[in-house]
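Observations on the three-dimensional arrangement
Listed below, chain by chain, are the residues.
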Amino acid sequence: MDAAKVLDRLLLVDSSVSFVYLRTKATLPDEGESSAADVFTDKHRAARHLLVATQHDKIVYAAELYTYSLEDNLTTIYVSKVDTTGSHDRSKSPIGALTQMLLAQAVSCNVKGNDVRILLFARSQSQYIFPASIDNKKKHVLDDGGLVRWWIRQFTKMSAHLSTRRTRGWLLMPGCELADTKRYLGSSSDACNWQIGHPYKAKSKAKDVVLKLDDDPKARFLDELEDDGELEKCSIESFWERMAYRQEMSSGHTIGFIALDVEQQEDIENPVQVETIVSDDVYDKVKLKLETETYADDEETAEVTTKWIACLREACPHVKWVQVNGCRQADAADVPINGRPADASTANILQPRKRERTDRSDAVSANVLIPRKKNK
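Please read these numbers as outputs of a predicted model, since none were measured by experiment. (Residues numbered from 1 in each chain as written. Predicted model: local features only at pLDDT ≥ 70, side-chain atom pairs only at ≥ 80, totals over all residues. Heavy atoms only, no water.)

**A few points about the environment of alanine 206**
Which entries qualify depends on this criterion: Strands here are runs of E lasting at least two residues and helices are runs of H or I lasting at least four, both read from the DSSP assignment and numbered beginning at the N terminus. Whether two residues touch is decided by their heavy atoms; if any such pair falls within 4.5 Å, the residues are in contact.
Along the chain, alanine 206 falls in helix 5 (residues 206-209). Linking alanine 206 and leucine 231, residues 25 residues apart in sequence, is a C-alpha distance of 7.5 Å. If we ignore the near neighbours within four places in the chain, the residues touching alanine 206 are Leu222, Cys234, Ser235, Ile236 and Phe239.

**Focus: the packing of helix 3 (residues 144-159) against helix 4 (residues 178-185)**
To describe two helices that pack against each other, one gives the angle between their axes and the distance between the axes. To be explicit about the condition: All axes are obtained by fitting lines to C-alpha atoms, using only the stretch in contact for helices, and the reported angles, taken between N-to-C directions, cover 0 to 180 degrees. We call two directions roughly parallel when the angle between them is under 35 degrees, roughly antiparallel when it is over 145, roughly perpendicular when it lies between 65 and 115, and oblique otherwise. Think of it as three bins: nonpolar holds Ala, Val, Leu, Ile, Met, Phe, Trp, Tyr, Cys and Pro, charged holds Asp, Glu, Lys and Arg, and polar takes everything else, Gly as well.
With their axes 8 Å apart at the nearest point, helix 3 and helix 4 run at an angle of 55 degrees to one another. Here helix 3 lies oblique to helix 4, going by the angle between them. Where helix 3 abuts helix 4, its residues Gly145, Val148, Arg149 and Ile152 lie against Arg183, Tyr184 and Leu185. By residue class, the composition of the contact of helix 3 with helix 4 is four nonpolar, one polar and two charged.

**Brief notes about the packing of aromatic side chains**
Worth spelling out the cut-off: Note on aromatic pairs: the rings of Phe, Tyr and Trp (six-membered ring only in Trp) are paired at centre separations within 6.5 Å, and the planes decide the class, stacked below 30 degrees, edge-to-face beyond 60, tilted for the rest. Criterion for a charge above a ring: Lys NZ or Arg CZ within 6 Å of the ring centre, and within 35 degrees of the ring normal.
Applying the stated rule across the entire model yields nine aromatic pairs. Here the aromatic rings of phenylalanine 130 and tyrosine 295 are separated by 4.8 Å at their centres, their planes lie at 65 degrees, and the arrangement is edge-to-face. Residue phenylalanine 130 is located in the loop between strand 5 (115-122) and helix 3, and its partner tyrosine 295 is located in the loop between helix 8 (280-291) and helix 9 (298-315); the two are separated by 165 residues in the primary sequence. One aromatic cluster in this structure is built from Phe121, Phe221, Phe239, Trp240 and Phe257. Over the ring of tyrosine 184 we find arginine 149, and its NZ or CZ is 4.2 Å from the ring centre.

**Observations concerning the pairing of strand 8 (residues 256-262)**
Put simply, the test is: Each residue gets one of three labels from its accessible area relative to the maximum for its type: buried under 20%, exposed over 50%, partly exposed in between, using a 1.4 Å probe on protein chains only. By the convention used here, strands pair only if DSSP detects at least 2 bridges between them.
With seven of its seven residues buried, strand 8 lies for the most part within the structure. By the alternation rule, side chains of strand 8 split into Gly256, Ile258, Leu260 and Val262 and Phe257, Ala259 and Asp261, which are all buried. The sheet contact formed by strand 5 and strand 8 spans seven bridges and is antiparallel. Bridge pairing links leucine 119 to alanine 259 in strand 8. The pairing of strand 6 (residues 167-172) with strand 8 spans six bridges and is antiparallel. For leucine 172, the partnering residue across the bridge sits in strand 8 and is phenylalanine 257.

Structural data, given as structure tokens:
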């Protein structure tokens, strides 16, 4: 897959964006040591991915995800953080296109023959990567329910770029009735074979299949079960049922745990490399610089962008920038809603923000993964 060509087909005509995609190498576990419980230890270090995009000389978007393989035939992609500064074009937003391209590229870059599972925990937050960006009056953050719907759309659209591979998706929303959860899938239920639930076998033990991911509510619950001496006997069904009653799951927020399985192919083409492979030290340096500046308005964001690019070039002189010009003609989906394009998303991740109001399908906040709700 050629990520740049995918992106130019997604971006509207007269819209352009530049991006840099950094990736570290993974540290694979030794044979026989691939337990779900320790995927974020040094021994089971994931490959980290950071994509930063600019428009009009201003940083507008960043996303971080992790990929790791704990099984011979399965690569897991964990969408950790997505955020925007609010400085992107409002009429021709690149946010959805960038997200779809990143997911498709991450899937395509995995080991041939491996199936892929993407995990996401969606709960709205005002900012996650860009400090003070919520003060930018042009930034629009989706409420909890709007965020879940936005992610379902991005996964569904991304699957179109993997049309030769079978996909299967799951959505689990603790505290929501089955009929209510189905409404979040809308008309997307067939495109990715969306189902309500989780991707794990019913008889599995939670400790064997639930990954302990960074800053994730499932990991905190696993630790609690271990402290209480209940982890060894907790089934995956019991795990998700009990998750629905935890405080962070039942505090009035609409939370979505999303998973998408992608069947890989043996004969796929090698993806066109758009990423720059960097050391952990370089990755940490440029990420820290990105996350310690402030982005309160366009002027400040432009100044920060200049400083961040200088830091990046100093840390990684061979870094590869990719510029893409859009070629997609506008259609009905691009008609503005309340002054904003239908996919003018502002993305974020993790932690709560506010109680769901009416559906707002024109902006975004992001996070990741999958629970299960108790049937009534």
